[in-house]
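Notes for the structure review
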Amino acid sequence: MWEKHVIETSRGQFELFKKGEGEPLCVTHLYSEFNQNGNLFASFSHKYSVYLINLTGCGNSTEGKGNDKYSMDASVKDLEAIRESLGYQVWSFAGHSTGGMLGLKNAIQSQASLKRIVVGGLCASADYMRHPGSIYCVENPNNKRLREIFAVLKDPKATIDERKTVSKEWTMMSSYNKAAYDEMITRPNSGKTVSKRLDYYSNKELPNYDLKPLLSFIKVPTYIYAGFYDAQCPYEFGVEAAELVKTSTFKVFHQSNHYPFIEEEGFKHFVDSIV
């Protein structure tokens, strides 16, 4: 189990979970809520002191203020306030999917506070929403069902079992090795979707999301990975981001969809190779 902490910062109270020893590493996701079960992506604790963070509006963290409190800009400011309260001058960041997108934003805005970032399953712009290979594109055969799944997740009347069922279906759409799901659910994990943050991202941030013109300004060591069969943010968008970040190292996982940290043993070797 992960150690639970609640800390006070200049931007309010934040809940986080800590595991491991070594250099500090921040892990979070743009619209997920974590608990003491940790998170399967946050598999860095053999090498780092990992801080798994509930952002504004998640868990026991502050509800925040302002119309943009769930934005990437505000989230980067939250992370900076948390880092300062923990007493670190610098730390590393790791994020997957929209957590990876937040990592890119973090590296653009707060480079002096970062030693490195590890990000994947991402896109540097909203282009993936128009790519037929992405389940988020209306031209994708899974898109209609995905929208129905989102409606269940957003429905306050949906039961826990209903939410679990559709969450599994969403995960299966994004899995290369379907047997990996059975292995995944036997391991402690958390990462519940927080609808209000997902809604903000989908309706307010995503329409104008484009970091591509700014990626060349990133100077910190950046490790970008992608699953070759990624059905959420197709592989080529990971390649694109890596080409635009001049300080990047790129890793492709050839037997993975959106979850190489679950689907391939090689992900741990990838983590171990990071310097």
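Attention in this report is confined to the structure presented alongside it.

Definitions and limits used
Residues numbered from 1 in each chain as written. Predicted model: local features only at pLDDT ≥ 70, side-chain atom pairs only at ≥ 80, totals over all residues. Heavy atoms only, no water. Helix = DSSP H or I, 4+ residues; strand = E, 2+ residues; numbered from the N terminus. Contact = heavy atoms within 4.5 Å. Expected span 1.5 Å × (residues − 1). Buried < 20%, exposed > 50% of the residue type's maximum accessible area, 1.4 Å probe, protein only. Core = buried A, V, L, I, M, F, W, Y, C linked by side-chain atoms within 4.5 Å. Pairing = 2+ DSSP bridges. Axes fitted to C-alpha atoms, helices over the stretch in contact; angles between N-to-C directions. Disulfide = S-S within 2.5 Å. Polar contact = N/O pair within 3.5 Å; in protein donor to acceptor, adjacent residues only side chain to side chain. Salt bridge = Lys/Arg side-chain N within 4 Å of Asp/Glu carboxyl O. Phe/Tyr/Trp six-rings, centres within 6.5 Å; stacked < 30°, edge-to-face > 60°. 1 Å grid on protein atoms, 1.4 Å probe; cavity = no way out; pocket = protein on both sides within 12 Å on 5 of 7 lines; lining within 4 Å. Points joined across faces, edges and corners; volume = space filled by probe spheres on them. Nonpolar A, V, L, I, M, F, W, Y, C, P; charged D, E, K, R; others polar.

With respect to the environment of Glu21
Position of Glu21 among the secondary structure elements: in the loop between β2 (12-19) and β3 (23-27). Along the sequence, Glu21 and Leu102 sit 81 residues apart, while their C-alpha atoms lie 24 Å from each other. Beyond its immediate chain neighbours, meaning those up to four positions away, Glu21 contacts Ser45, Lys47, Tyr48 and Ser49.

Regarding helix α2 (residues 98-109)
In this model, α2 (twelve residues) spans 16 Å end to end at C-alpha, consistent with the 16 Å of a helix rising 1.5 Å per residue. The buried fraction of α2 amounts to ten of the twelve residues, a majority that puts the element mostly inside the structure. For α2, the complete set of buried residues consists of Thr98, Gly99, Gly100, Met101, Leu102, Gly103, Leu104, Lys105, Asn106 and Ala107.

A look at the nonpolar core
If you look at the biggest cluster of nonpolar residues, it comprises 51 residues, and the most contacted ones within it are Ile53, Met101, Leu104, Tyr128 and Trp170. Excluding its chain neighbours within four sequence positions, the residues that come into contact with Leu104 are Ile117, Val119, Leu122, Ala124, Leu211, Leu215 and Ile218. Leu52, Ala180, Ile262 and Val271 belong to the second-largest nonpolar core, a separate cluster that totals 27 residues.

What about the sheet that holds strand β1 (residues 3-9)?
Ordered in space as β1-β2-β5-β3-β6-β7-β9-β10, the eight strands form an open sheet in which the pairing is mixed. Bordering the open sheet on either side are β1 and β10 (248-253), each of which pairs with just one other strand. Taken over all neighbouring pairs, the strand axes of this sheet differ in orientation by 25° on average, direction set aside. Here β2 pairs with strand β5 (residues 48-53) via four bridges, running antiparallel. From the neighbouring strand, Leu16 faces β5, where its bridge partner is Ile53.

Re the state of the cysteines
On inspection of all chains with the given rule, the structure shows zero disulfides. For the unlinked cysteine Cys26, the closest cysteine sulfur is that of Cys58, found at 13 Å.

Here's the deal with the side chain of Asp78
Here Asp78 shows up in helix α1 (residues 72-86). At 2.6 Å, the side chain of Asp78 and the side chain of Arg11 are in polar contact.

Examining the pattern of salt bridges
Side chains that differ in charge, positive against negative, can pair when their charged atoms come close. Overall, the coordinates contain 17 salt bridges when judged by the stated rule. Lys212 is paired through a salt bridge with Glu240; the nearest N and O atoms lie 3.6 Å apart. Within this pair, whereas Lys212 is found in the loop between α6 (195-205) and β9 (222-227), its partner Glu240 is found in helix α7 (residues 235-244), the two being separated by 28 residues in sequence. Here Lys212 falls in the partly exposed class, since its relative accessible area comes to 25%. When its relative accessible area of 21% is taken as the criterion, Glu240 is described as partly exposed. A cluster of three or more residues bridged by salt bridges with shared partners is formed by Asp127, Arg130, Lys212 and Glu240.

Some thoughts on the packing of aromatic side chains
Geometry of an aromatic ring pair is reported as the spacing of the ring centres plus the angle between the planes. If you walk through the whole model with that rule in mind, you get 23 aromatic pairs. Between Phe150 and Trp170, the ring centres sit 4.9 Å apart and the planes meet at 80°, which makes this aromatic pair edge-to-face. With Phe150 in helix α3 (residues 143-154) and Trp170 in helix α4 (residues 160-173), this pair connects stretches of sequence that are 20 residues apart. An angle of 15° between the planes, with centres 4.7 Å apart, marks the rings of Tyr176 and Tyr229 as stacked.

Remarks on the layout of surface pockets
In this model, the largest pocket occupies a volume close to 1,200 Å³. As for the largest pocket, its lining consists of 39 residues, of which Asn189, Ser190, Gly191, Lys192 and Thr193 are closest to the centre. Breaking the lining of the largest pocket down by element, the ones donating at least two residues are β4 (32-33), α4, α5 (179-184), β8 (192-193) and α8 (260-263). In terms of residues, the lining of the largest pocket owes the most to one element, α4, which gives seven residues. Taken together, the residues of the lining of the largest pocket sort by class into 17 nonpolar, 16 polar and six charged. The volume enclosed by the second largest pocket comes to roughly 470 Å³. The set of elements that each furnish at least two residues to the lining of the second largest pocket consists of α8 and α9 (266-273). It is α8 that contributes the most residues to the lining of the second largest pocket, three residues altogether.

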